[in-house]
Amino acid sequence: MSGWTKGNQLRLLENGEEYFPRICEAVRAARKEVVLETFLWCEDEVGLQLRDVLAEAAQRGVQVRVLVDGYGSPGFSKEFLTPLADAGAEVRSFDPRPRFFRLRTNLLCRMHRKIVVVDAAVAFVGGINFKKDHLRSFGARSKQDYSVEVTGPVVKDIHKYCRFGHDVHAGSWRRRWRYWLRRFPREMMNPQEGAQVLFAIRDNAEHPTDIETMYRVGIRNARESVVIANAYFFPGYRFIRDLRAAAERGVDVVLIMQGNPDRPVSVGAASLLYDDLLSMGIRIVRYTERPLHAKVAVIDDRWASVGSSNLDPFSLGLNLEANLFILDPEFNAVLRNNLDQLVRHYCEELSADQVPRRSRLRRLLLTFGYHVTRKMPSWRRHVLWHEQHIRPVRPTGSGEKAG
């Protein structure tokens, strides 16, 4: 995390209808380089269009570098990869692993970021994958999500990290010790006046808690309102404690959660928190129109965040994530208005009488979950049974999958 940068221009992009055309437009205008990182890249109409514009860029001499996740994007057909390989584009996979009895074994510590950088001049950071279920035309199961297009000084930080900052292994004890000593630099805690943006990552080396820390700093400094829309919500005790403290001092705390999930298990953990959160004076609204995939927040009239990080043990403790934290009244107003529209037209507020009383098993699961969330970063070396590597992806025989 390099610190706050001033003089950036921001644009909120909602869902695939706004995001995919802007990505294609930026890639078509590229002159030198395209760097793309994504968790999911599917061989559907969205993925094929992206493949074609990347291949066209590489053919005209643009350096194209793609990194996909080995679990989210476990393989590509020869027909899909050949145009990219022939054009000279570089495709790599984060920690691809062979299947064991048709089961994928690389579930933990995933590369979950969604970043695109073009010519080190414009960047896109958010939670939208390259898959057709981010389009309304997909139907009732299409997802609600966001990304940010940004130009300005922060793009250099994003580009530098994508090109040179990857470290899939934990840092040495000296590097980690130095990180903890300077975990709260002055410019991060007390940014200057004016519109500013900070690019924050979560990795398993020197930045294991940066995104969670920035959220907690924002919540602790909230004076009027906190609105968090997150698809997978099960943070640790300290995060919940900060939300409770905000509610106790009169801040209107609203959590927008899934009410119509694509995977029912995604609301299971969050539901364990409902009774405690409501008793703290925190409002819970459930988005019921379609699956919620967002990872965004607004605090008061200036602070906002958009990125790939859920607020659950995987994103906060194991996965590689990236968020933008934004101090800009204009951007805040745009995102807040969007979330207000969701709440007003497509959400239902949860009341205390709708939540079942917590059983002993429920209390046990909740306590266990809190401790897992708190300890998960330090357990990384125990839950991984192999070293993670980034490997090139090349076309294989016809009909086979390369990954």
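Further up the page is the structure itself.
Since this is a predicted model, take the numbers as computed values, not measurements.

### A look at the sheet that holds strand β7 (residues 115–118)
Alright, step 1. An order of β2-β9-β8-β7-β3-β4-β6-β18 is seen for the 8 strands of this open sheet, with the pairing classed as mixed. The strands lining the two open edges of the sheet, one partner per strand, are β2 (9–14) and β18 (390–392). In this sheet, adjacent strand axes meet at a mean angle of 15 degrees when their direction is disregarded.
Alright, step 2. The sheet strands contacting helix α2 (residues 45–59) are β3 (33–38) and β4 (63–69), and the helix crosses β4 at an angle near 150 degrees.

### As for helix α12 (residues 329–346)
Alright, step 1. Here α12 spans 25 Å end to end across 18 residues, near enough to the 26 Å set by a 1.5 Å rise per residue.
Alright, step 2. Phe-331, Asn-332, Leu-335, Arg-336, Asn-338, Leu-339 and Leu-342 are the residues of α12 that are buried. The buried residues of α12 occupy an angular sector of 160 degrees when projected down its axis, which confines them to one face. Along α12, exposed side chains directed more than 90 degrees from the buried face belong to Glu-330, Arg-344 and His-345.
Alright, step 3. Structurally, the start of α12 carries an N-cap: the backbone nitrogen of Glu-330 is 3.2 Å from a side-chain oxygen of Asp-328.

### Focus on the pairing of strand β6 (residues 90–94)
Alright, step 1. In terms of residue burial, β6 counts as a mostly covered element, since 4 of its 5 residues are buried.
Alright, step 2. Pairing geometry for β4 and β6, over 5 bridges, is parallel. Looking at β6, one finds that Asp-69 is bridged to Phe-94.
Alright, step 3. The sheet contact formed by β6 and β18 spans 3 bridges and is antiparallel. Each residue of the ladder has a partner; that of Arg-92, found in β18, is Pro-392.

### Quick word on the nonpolar core
Alright, step 1. Grouped together as the largest cluster of nonpolar side chains are 40 residues, with contacts concentrated most on Val-226, Ile-228, Phe-233, Leu-243, Leu-277 and Phe-325.
Alright, step 2. Residue assignment for this core shows that the elements contributing at least two residues are β10 (196–202), α7 (210–220), β11 (225–230), α8 (237–248), β12 (252–258), α10 (274–279), β14 (295–299) and β16 (321–327).
Alright, step 3. Here this core takes 5 residues from α8, the largest share from any one element.
Alright, step 4. Setting aside its immediate chain neighbours within four residues, Val-226 contacts Ile-219, Leu-243, Val-251, Asp-252, Val-253, Val-254, Val-298 and Ile-299.

What counts, and at which threshold
Residues numbered from 1 in each chain as written. Predicted model: local features only at pLDDT ≥ 70, side-chain atom pairs only at ≥ 80, totals over all residues. Heavy atoms only, no water. Pairing = 2+ DSSP bridges. Helix = DSSP H or I, 4+ residues; strand = E, 2+ residues; numbered from the N terminus. Axes fitted to C-alpha atoms, helices over the stretch in contact; angles between N-to-C directions. Contact = heavy atoms within 4.5 Å. Expected span 1.5 Å × (residues − 1). Buried < 20%, exposed > 50% of the residue type's maximum accessible area, 1.4 Å probe, protein only. Arc of directions from axis to C-beta. Polar contact = N/O pair within 3.5 Å; in protein donor to acceptor, adjacent residues only side chain to side chain. Core = buried A, V, L, I, M, F, W, Y, C linked by side-chain atoms within 4.5 Å.

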